[in-house]
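Per-entry structural report
Each chain is listed here by its residues.
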Amino acid sequence: MAAGDEYGGTLEGASVLVIDDEPGMRHFLTKILEPRVKRVAQAASPAEATKLLDEAHFDVVVLDNVMPGKTGLEWVVEQRRKGFYADTVLITAYADLETAIAALRAGVSDFVLKPFRANQILGAVSRTLDRKNLRRDNTLLRRELQGGAAVQMLGKSEALSKVRGMLNRLAPVPTPVLFTGASGTGKELAARQLHQMSDRADHPFVAVNCAAITPDRIVPELFGAVEGNETLQPGLFLLADGGTLFLDEVAQMPEQLQAALLRVLEDQRIRPEGAEREIPLNLRFLFATNADLPKAVEEGRFRADLYHRMNVVEVAMPPLKDRSDDIVELAAMFMQQFSTALGMSALRLDAETLLKLRRYDWPGNVRELRNLIERSVILGSLPEAFAGHGTVDGPRAIEDLELVTQRHMLHILDLSGGNRAEAARRLGVSRKTVDRKLAAWAAEGLDIDAL
């Protein structure tokens, strides 16, 4: 296996800063790294390196320890106070205990002893990136587990197809998107799907509930902080770098965060708490709200300039009652999901139950349906309002054409207030067809008088 093949998958996409006062060593390191990473920059001195860090973010810094005027370790300690986020590989000819202790205190990730070979540098940078990504992934995974697992955006209704069409158009571009809609309509799921469809899919998707962040925790939680040991603890902005940041419940965003977020959107830079340097970001921002933001702007509760920055493209998520064709599919998927996750038996979804689920209005939207199924699996039975006693269940109850027609026709009849002529008009059939179908279903035991 070639060296490039061995390390390419790990290094691909990384940005590296090489710092060494010797031109020959800088060029040698650049020649090793350049074919395998996304970007390599060179600095001939600590001062030059500081200027480069002020302009761009680097994932890894490879630096020589012995340089005129200031050692590499002294420079790292100085940069930590300013807000230094990159991991460091130190090149040194002296591996004494004192240097090792100082390097650990400074937060150096790896050593390479002189003289060295190309594969030693590549191995050190690769290990450093692996550890860096592992720390980030562990932090984000803990947040995901605390917030609960997300499910896929499921359904084939016309309303949801329109949303998918919009996501397809938005996926290739970095434009901010504002997801609107009632609580429980799946705004975060749509945002996750948009992220997965984009070229950022291999990078983090970080969801933040703006209403859950207390004002005194806004800066360290989102922007990060340089702590007492002069080490930068990254916030969610940095943990999401390269990927997508999803800000939910933006209408409840504290005024302090509104002002700070506006600047981040304008500059794509952040300054962690206690840091002297602003750090460049590469983020796509997605937002969501179930509130009337224009009204909040009009009443002075939300900044107009921030609203216009966020609302470049709006994706309105339909309520479940407007995508009723998806209810049966969602109910079956939730039943399977929760019976597996909870280790409990799945409940029968017979034709009668599916009809009742389809005809219910679902004011709590998909979240209400999901909660109903989860609660029913735990309790071992469906609520009486949704209980069924039919003999047809399983795939046949879901897919049988006559039952699909029954659920659809009765749903349209509900929407028409029981007016059969209006229902026939909406369905594109004759009134006689509606009467004939209802009579046949009544003969099979359906309570037509309850319509």
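Just above sits the structure.
What you see is a predicted model; the values in this text were computed from it and never measured.

Structural notes on the overall build of the chain
In terms of helices and strands, the chain carries 20 helices and 14 strands. Taking all 451 residues of the chain together, the buried fraction comes to 47%. Partitioning the contacts of the chain with sequence separation of at least 6, the portion at a separation of at least 24 is 71%. Carbon and sulfur atoms make up 50% of the accessible area of the chain, which totals about 22000 Å².

Observations concerning the packing of aromatic side chains
In this structure the tally under the stated criterion is 9 aromatic pairs. Both rings, one in F223 and one in F237, keep their centres 4.9 Å apart while their planes meet at 70 degrees; by these two values the pair is edge-to-face. Taken together, the positions of F223 in helix α9 (residues 218-223) and F237 in helix α10 (residues 236-239) put the pair 14 residues apart, joining distant regions of the chain. In terms of burial, F223 and F237 fall into one category: buried.

Thoughts on the pattern of salt bridges
Counting across every chain of the model gives 18 salt bridges. For E329, the salt bridge is made with K156, and the minimal N-O distance between the two is 3.2 Å. On the criterion of sequence distance, the pair formed by E329 in helix α14 (residues 327-342) and K156 in the loop between α6 (118-147) and α7 (158-170) is long-range, its members being 173 residues apart. A salt bridge links D326 to R323; the shortest N-O distance between them is 2.9 Å. Like D326, the residue R323 is buried in the burial classification. Taken together, the salt bridges that share partners define one network made up of D110, R127 and R131.

Brief notes about the pairing of strand β14 (residues 313-316)
Here β14 shows a clear split, with V313 and V315 buried on one side and none of E314 and A316 buried on the other. Two strands pair when backbone bridges link them, and strand β6 (residues 177-180) and β14 are joined in this way by 4 bridges, in the parallel orientation. For L178, the partnering residue across the bridge sits in β14 and is E314.

Let's talk about the sheet that holds strand β3 (residues 60-64)
Pairing is parallel in the open sheet, where 5 strands are placed in the order β2-β1-β3-β4-β5. Every interior strand has two partners, whereas the edge strands, β2 (39-43) and β5 (110-113), have only one. Neighbour-to-neighbour, the strand axes of the sheet open up by a mean angle of 20 degrees, direction not taken into account. Sheet strands in contact with helix α2 (residues 23-33) are β1 (15-19), β2, β3 and β4 (87-92), and its direction is about 175 degrees off that of β2.

Examining helix α15 (residues 351-359)
An α-helical turn contains 3.6 residues, so a residue and the one three or four places further along point in the same direction. The set of residues buried in α15 consists of A351, T353, L354, L355, L357 and R358. One side-chain oxygen of the residue at the start of α15 lies 3.0 Å from the amide nitrogen of E352, identifying that residue as D350.

What about the environment of H203?
Along the polypeptide, H203 turns up in the loop between α8 (187-197) and β7 (205-209). In this structure the C-alpha to C-alpha distance between H203 and L239, which are 36 residues apart in sequence, comes to 9.8 Å. Setting aside residues up to four positions removed in sequence, H203 forms contacts with H195, G242 and G243.

With respect to unusual backbone geometry
Of note, the bond from K114 into P115 is cis; its omega dihedral lies within 30 degrees of zero at -10 degrees. Position of P115 relative to the elements: it lies in the loop between β5 and α6. At W362, a position not held by glycine, the phi torsion is positive, near 50 degrees. Under the relative-accessibility criterion, W362 is labelled buried at 2%.

Concerning the sheet that holds strand β10 (residues 244-248)
Sheets are built from strands that pair by backbone hydrogen bonding, the pairs being arranged parallel or antiparallel. The strand order across the open sheet built from 5 strands is β7-β10-β13-β6-β14, with neighbouring strands paired in parallel fashion. The open sheet has two edge strands, β7 and β14, and neither has a second partner. Here the average twist between neighbouring strands, direction ignored, is 20 degrees. With 5 bridges connecting them, β7 and β10 associate as parallel partners. Residue pairing across strands places V208 opposite L247, the latter belonging to β10. Here α7 sits on the sheet in contact with β6, β13 (284-289) and β14, set at roughly 155 degrees to β14.

Considering the packing of α14 against helix α16 (residues 365-379)
At a minimum axis separation of 9 Å, α14 and α16 run at an interaxial angle of 45 degrees. When the axes of α14 and α16 are compared, the pair comes out oblique. As for how α14 packs across α16, the hand of that crossing is right-handed. Here α14 contributes I327, L330, A331, F334, M335, Q337, F338, S339 and L342 to the contact with α16, which in turn contributes V366, L369, R370, I373, E374, V377 and I378.

Looking at the nonpolar core
Ranked by size, the top nonpolar core spans 38 residues in total, and within it L222, F237, L245, L261, F285, F287 and M310 carry the most contacts. Breaking this core down by element, the ones donating at least two residues are β7, α9, α10, β10, α11 (255-267), β13, α12 (293-298) and α13 (304-310). When residues in this core are grouped by element, the largest group, 5 residues, is from α11. Excluding residues that lie within four positions of it along the chain, L261 makes contacts with F237, L247, M253, F285, F287 and L306.

Observations regarding the packing of α15 against helix α18 (residues 401-415)
It is the contact of α15 with α18, at a shortest axis distance of 9 Å, that shows an interaxial angle of 30 degrees. By the angle class used here, α15 and α18 are roughly parallel. Like other packed secondary-structure pairs, α15 and α18 cross with a definite hand, here right-handed. Listed contacts from α18 to A351, L354, L355, R358 and R359 of α15 are L403, Q406, R407, H408, L410, H411 and D414.

Basis of the calculations
Residues numbered from 1 in each chain as written. Predicted model: local features only at pLDDT ≥ 70, side-chain atom pairs only at ≥ 80, totals over all residues. Heavy atoms only, no water. Helix = DSSP H or I, 4+ residues; strand = E, 2+ residues; numbered from the N terminus. Buried < 20%, exposed > 50% of the residue type's maximum accessible area, 1.4 Å probe, protein only. Contact = heavy atoms within 4.5 Å. Areas by Shrake-Rupley, 256 points an atom, 1.4 Å probe, with all protein chains shown as cover. Phe/Tyr/Trp six-rings, centres within 6.5 Å; stacked < 30°, edge-to-face > 60°. Salt bridge = Lys/Arg side-chain N within 4 Å of Asp/Glu carboxyl O. Pairing = 2+ DSSP bridges. Axes fitted to C-alpha atoms, helices over the stretch in contact; angles between N-to-C directions. Polar contact = N/O pair within 3.5 Å; in protein donor to acceptor, adjacent residues only side chain to side chain. Parallel < 35°, antiparallel > 145°, perpendicular 65-115°, else oblique. Left-handed = near helix turned anticlockwise from the far one by under 90°. Core = buried A, V, L, I, M, F, W, Y, C linked by side-chain atoms within 4.5 Å.

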